[in-house]
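Architecture and fold: a report
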Amino acid sequence: MTQTKLVRIVTAGSVDDGKSTLIGRILHDSQALMTDQVDALSNARFSRAEKGDLDLSFVTDGLESEREQGITIDAAYRYFATPETSFIVIDAPGHEQYTRNMVTGASNADVAIVLVDASRLHQGALKVQTRRHATIAHLLGLKVVFAVNKMDLVNWSLKVFQEVEESLKRLSRSLGITNPAIVPINARSGDNVVTISPAAPWYQGASLLDVLQSQGEGTDLSDLPFRFPVQRVVRVDGHKLEAQRGYAGRVASGQVAVGEAVFVGPHRRPTKVSRIETYDQSLGRAEAGQSVTLYTEDEVDAARGDILTGPESSYANRVIADLCWLDDQAWDPRRRYLLQQGTAAITSRIESVLHIRDMRDLSEVRGGQALKLNDIALVQLHTQTPILADHFQDNPKTGAFILIDPETNQTAAAGMIRGVV
Amino acid sequence: MTFFSRLLHLDRLESEAIFILREAAAQSQNPALLFSGGKDSAVLLHLALKAFRPEKLPFPLLHIDTGHNFEGVTEFRDETATRLGERLVVAHVQDSIARGSVRLASPLASRNAAQAVTLLEAIEAHNFDLLLGGARRDEDKARAKERVFSHRDAFGAWNPKSQRPELWDLYNGRLQAGENFRVFPLSNWTELDIWTYIEREKIALPSLYFAHVRPVVRDGEFWRPVTAVTPAAAGQVIENRVVRFRTVGDMTCTCPIESDAADVAAIIAETRLSTLSERGATRMDDKVNEAAMERRKREGYF
Ligand SMILES: Nc1nc2c(ncn2[C@@H]2O[C@H](COP(=O)(O)OP(=O)(O)OP(=O)(O)O)[C@@H](O)[C@H]2O)c(=O)[nH]1
Ligand SMILES: [Mg+2]
């Protein structure tokens with residue numbers, strides 16, 4: 001089997017700007033739709049397309065209420081491949097009410113296509129939701145590619161495009177996104193989506209799909225420090241004297257070899273790896289992404305929730321983190337939340353809100369004791385026991401966490417560790 | 001800054017599925033693995049062995065049996081469980097009919113939708129709080145929206161308009177009493193991935209996945225199998241055709257496709273060229289209504 005590059009894409013941007021139509025168009029023009037799926041589109045109820053045309057948003061807007069209301073409610077996953085690249089495309093909703101579903105989709109992607117409707121801007125002013133989605137995508141570490149959509153509605157005007165481009169560049173600067181690609185498209189007809197169209201002779205760049213395919217892969221997770229969240233403890237020959245305990249899990253980052261030292265938990269108890277096993281193999285080494293069982297030379301008493309690390313690691317029980325608040329129930333400062341990092345769930349409290357981002361101008365609003373649905377904030381967290389203090393930007397596997405409301409079990413927030421106190 | 005792992009495609013999918021299986025077992029009190037004998041559940045079971053051997057599986061296998069099975073499938077199911085020494089729980093739609101919780105319009109009516117009732121009864125009877133299933137997002141447009149850890153309320157219902165957020169691979173498997181999870185480790189697999197994995201791992205399947213001669217009648221775009229519960233109607237011409245099944249489900253709604261692909265390699269070659277989706281080519285239950293799958297899932301279906 002040859003190595004193909006995996007690119008996971010999520011759509012982003014305000015409601016109705018054409019995200020689902022774009023995904024439908026990409027799949028359609030890449031011959032990734034099956035005949036029966038196309039047939040189903042042409043007979044679909046609630047289709048917004050003119051006679052003889054397809055409403056391509058229905059490729060991903062598959063729920064009854066989505067079609068009826070003409071909006072996306074939750075993220076859809078589709079899979080397709082070109083000879084060079086295998087794609088997972090995630091079509092996220094633009095409606096503010098469903099921002100948590102966009103965050104869900106974005107957390108499983110590497111690249112965000114942020115769409116803007118070229119016909120609905122006044123002097124290039126971007127919508128709040130465009131800014132919010134670009135901010136979320138950037139905080140979650142995604143690469144951001146902009147598509148200026150519905151260029152047909154502004155007669156492919158270079159002047160309009162340049163206005164939008166200017167606004168997107170300003171937004172990028174304020175977020176710290178460098179040199180973003182900005183592609184003028186018509187998602188409905190496919191201009192500049194998979195192939196370059198003559199409609200905009202002034203556009204010298206690549207088609208959107210080519211831009212997506214040419215994204216660099218970034219950093220190999222195997223090159224980061226070793227991290228291995230223990231999922232379960234395996235007991236082999238439990239009755240005999242030589243009973244052995246192994247630790248089943250997936251290497252989150254880095255690599256480990258038989259004979260190497262690993263450390264358990266905040267006290268960093270050291271031991272050595274004696275064996276690395278899979279179902280049918282003994283391995284000399286395991287690297288990022290592999291699910292294995294590790295056996296150690298000493299009884300180190302590790303359990304589910306512990307993270308085995310290499311020599312580099314630091315723990316803290318006060319961290320600074322970005323939070324996207326996802327729950328309808330606002331933050332209650334008196335309450336505790338379960339912080340899930342890797343396989344650990346640790347009691348925690350939000351001690352203070354350092355700032356909340358105002359989505360109108362992306363300014364940082366200081367202080368306050370309120371944190372509600374869709375807020376993006378920088379907070380200080382206190383955990384009952386020290387947690388691995390990996391910074392999200394250095395290691396997205398262990399730098400990420402969720403907060404769970406222990407009363408309702410809802411996932412209340414997505415978090416990214418940015419520093420220690 | 002973005003990050004990647006250099007695992008090959010199938011290795012990545014395999015490892016992800018093993019990770020999900022282990023999370024599901026660790027985060028539940030009383031899980032079960034849905035095993036029908038179909039190809040996806042055979043792959044899922046194989047991955048469960050990879051996740052938990054040398055220990056016994058931390059869950060029984062569960063089959064919701066409509067009683068309308070194609071020849072060889074229940075035998076395959078039973079032999080597999082026996083060979084592996086794992087516990088198999090079978091819940092029969094027939095028992096739900098006897099209890100009166102399932103009422104069919106006619107004795108030969110499709111029992112496909114009735115499976116949801118029997119499934120929910122089995123969940124209650126055995127106190128299952130998490131069911132592992134082999135469903136894939138590429139199967140259907142409603143499935144394409146579903147979480148890996150799919151939360152179901154006390155009625156077993158999926159609520160697609162308010163799914164729990166699911167961030168990164170941090171699965172939140174917490175429940176209130178009476179609720180349950182359906183967990184789908186194969187969410188990100190396609191039909192082609194399933195077949196290439198079956199080939200690589202030499203996973204055994206029931207024989208009806210491979211080309212064989214079968215009596216069928218033409219029914220619109222489908223070749224409908226002629227069986228005891230789906231006899232030919234008056235005037236329909238019974239033909240013996242070389243066919244194979246792409247999915248194995250209830251006899252009343254699953255059709256084979258014409259194919260002479262007699263081994264996995266030939267099936268992979270055909271799958272690469274196919275212009276029809278798996279369910280589009282084989283399932284009559286989805287033709288009834290645009291949102292057939294979504295509606296079944298809202299009623300508690302897998
Ligand atoms: N004229 C024109 N219309 C477009 C274009 N792209 C999309 N549309 C139309 O814009 C409307 C909204 O498109 P969707 O694809 O549903 O928008 P969306 O961004 O997915 O919306 P949400 O998911 O609800 O946020 C539909 O009627 C599309 O046909 C385009 O390039 N030109
Ligand atoms: Mg949409």
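Rules used throughout
- Numbering of residues begins from 1 in every chain and follows the order in which that chain's sequence is written.
- Here chains are named by letter from A upward and ligands by number from 1 upward, in the order in which they appear as written.
- Local features are withheld for residues below a pLDDT of 70 in this predicted model, meaning they are given only at 70 or higher, and side-chain atom pairs are given and counted only at 80 or more; totals for whole chains, interfaces and linings count all residues.
- Side-chain numbers come from the whole structure's heavy atoms, not from hydrogens or water.
- For two strands to be treated as a pair, DSSP must find no fewer than two bridges joining them.
- Helix and strand definitions follow DSSP, with helices as H or I runs of at least four residues and strands as E runs of at least two, each counted in order from the N terminus.
- Axes here mean lines fitted to C-alpha atoms, for a helix over just the part in contact, with angles spanning 0 to 180 degrees between N-to-C directions.
- Near is defined per residue: the residue qualifies when any heavy atom it owns lies within 4 Å of the molecule or strand.
- Nitrogen and oxygen atoms within 3.5 Å of one another constitute a polar contact, given that in protein one can donate a hydrogen and the other can accept it, and given that sequence-neighbouring residues count only through two side-chain atoms.
- Note that accessible areas follow from Shrake-Rupley with a 1.4 Å probe, and for residues the cover is restricted to the protein chains shown.
- A pocket here means an open set of points on a 1 Å grid, computed over the protein atoms alone, that has protein on both sides within 12 Å along at least five of seven lines. A cavity is instead a set of points where a 1.4 Å probe fits but cannot get out; residues with an atom within 4 Å of a point line either one.
- To be counted as sitting in a cavity or pocket, a molecule needs more than half of its atoms within 2 Å of that site's grid points.
- Ligating atoms shown are N, O and S within 2.8 Å of the metal, or 3.2 Å for Na, K and Ca, and water is not included, meaning a site may look less than complete.
- Residue burial is assigned from relative accessible area. The probe radius is 1.4 Å, only protein chains are included, and a residue is buried under 20% of its type maximum, exposed over 50%, and partly exposed in between.
- As used in this record, nonpolar core signifies buried Ala, Val, Leu, Ile, Met, Phe, Trp, Tyr and Cys residues forming a set joined through side-chain atoms within 4.5 Å.
- Residue contacts are defined here by distance: any two heavy atoms, one from each residue, within 4.5 Å place the two residues in contact.
- Computed with a 1.4 Å rolling probe, the buried area is the accessible surface lost when two parts are put together, summed over both parts.
- By definition here, a salt bridge exists when the distance from a side-chain nitrogen of Lys or Arg to a carboxyl oxygen of Asp or Glu is within 4 Å.
- Residues are grouped as follows: Ala, Val, Leu, Ile, Met, Phe, Trp, Tyr, Cys and Pro are nonpolar; Asp, Glu, Lys and Arg are charged; all remaining types, including Gly, are polar.
- All domain edges in this entry derive from an automatic or database-based domain assignment.

**As for the sheet that holds strand 4 (residues 111-117) of chain A**
Residue and element names in this part refer to chain A. Spatially, the six strands line up as an open sheet ordered 2-3-1-4-5-6, and their pairing is mixed. Both edges of this open sheet fall to strand 2 (76-81) and strand 6 (182-184), since each of them pairs with a single strand only. Going from strand to strand, the sheet's axes swing by 25° on average, the running direction of each strand aside. Examined bridge by bridge, strand 4 and strand 5 (residues 143-149) share seven bridges and lie parallel to one another. Across the sheet, residue Val116 finds its bridge partner in strand 5, namely Val148.

**Brief notes about the site of ligand 1**
Residues and elements named next belong to chain A. In the vicinity of ligand 1 lie 21 residues, with Lys19, Thr21, Thr72, Asp152 and Asn186 positioned nearest. Interatomic distance of 2.7 Å between a side-chain N/O atom of Asp152 and a nitrogen atom of ligand 1. A total of 660 Å² of accessible area belongs to ligand 1 in isolation, and the protein chains cover 94% of it. Applying the majority rule of atoms within 2 Å of the grid points places ligand 1 in the second largest pocket. The element best represented in the shell around ligand 1 is helix 1 (residues 19-29), accounting for three residues.

**Description of the coordination of the magnesium ion (ligand 2)**
All names here are of chain A. Distances from the magnesium ion (ligand 2) to its protein donors, Ser20 (OG) and Thr72 (OG1), fall within 2.0 Å. Linking Ser20 in helix 1 with Thr72 in the loop between helix 3 (64-69) and strand 2, this pair joins segments that are 52 residues apart in sequence. The same class applies to Ser20 and to Thr72, which are both buried.

**Looking at the nonpolar core**
Of all hydrophobic cores here, the largest spans 84 residues; its most connected members are A:Leu22, A:Leu140, A:Leu208 and B:Trp168. Examining the composition of this core, we find that six residues originate from one element, strand 4 of chain A, more than from any other. With residues near it in sequence (within four places) discarded, A:Leu208 still touches A:Leu22, A:Ile113, A:Val145, A:Ala147, A:Val183, A:Ile185, A:Asn192 and A:Val193. The next biggest cluster of nonpolar side chains, apart from the first, holds 54 residues, and it includes B:Leu49, B:Leu132, B:Val148 and B:Val183.

**Considerations on the interface of chain A and chain B**
Taken residue by residue, the interface counts 90 residues in chain A and 62 residues in chain B. Carbon and sulfur atoms make up 51% of the area that chain A and chain B hide from each other, which totals about 6700 Å². Summed over the shared surface of chain A and chain B, the result is 10 salt bridges. In terms of residue class, the side of chain A that touches chain B is built from 33 nonpolar, 36 polar and 21 charged. Bridge analysis of strand 7 (residues 219-220) of chain A against strand 1 (residues 3-4) of chain B gives two bridges, and the strand direction is parallel. Among the inter-strand pairings, A:Thr219 is bridged to a residue of strand 1 of chain B, identified as B:Phe3.

**Re the domain arrangement of chain A**
All names here are of chain A. Partitioning chain A into structural domains gives domain 1 (5-213), domain 2 (221-309) and domain 3 (315-420). Using only C-alpha atoms to locate each centre, domain 2 and domain 3 end up separated by 29 Å. The partner domain 3 presents 12 residues to the 16 residues of domain 2 that form the contact. Summing both sides of the interface, domain 2 and domain 3 together bury roughly 1100 Å²; the carbon and sulfur share of this comes to 66%. By the criterion of area lost to domain 3, the three top residues of domain 2 are Arg227, Pro266 and Ile307, representing 39% of everything that side buries. The interface formed by domain 2 and domain 3 includes one salt bridge. Here Arg227 ties to Asp390 by a salt bridge, and the two come within 2.6 Å at their closest N and O atoms. On inspection of domain 2 and its partner domain 3, the count reaches four residue pairs in polar contact (both at pLDDT 80 or more). At the level of secondary structure, the elements contributing two or more residues to the side of domain 2 that touches domain 3 comprise strand 8 (227-236) and strand 16 (307-309).

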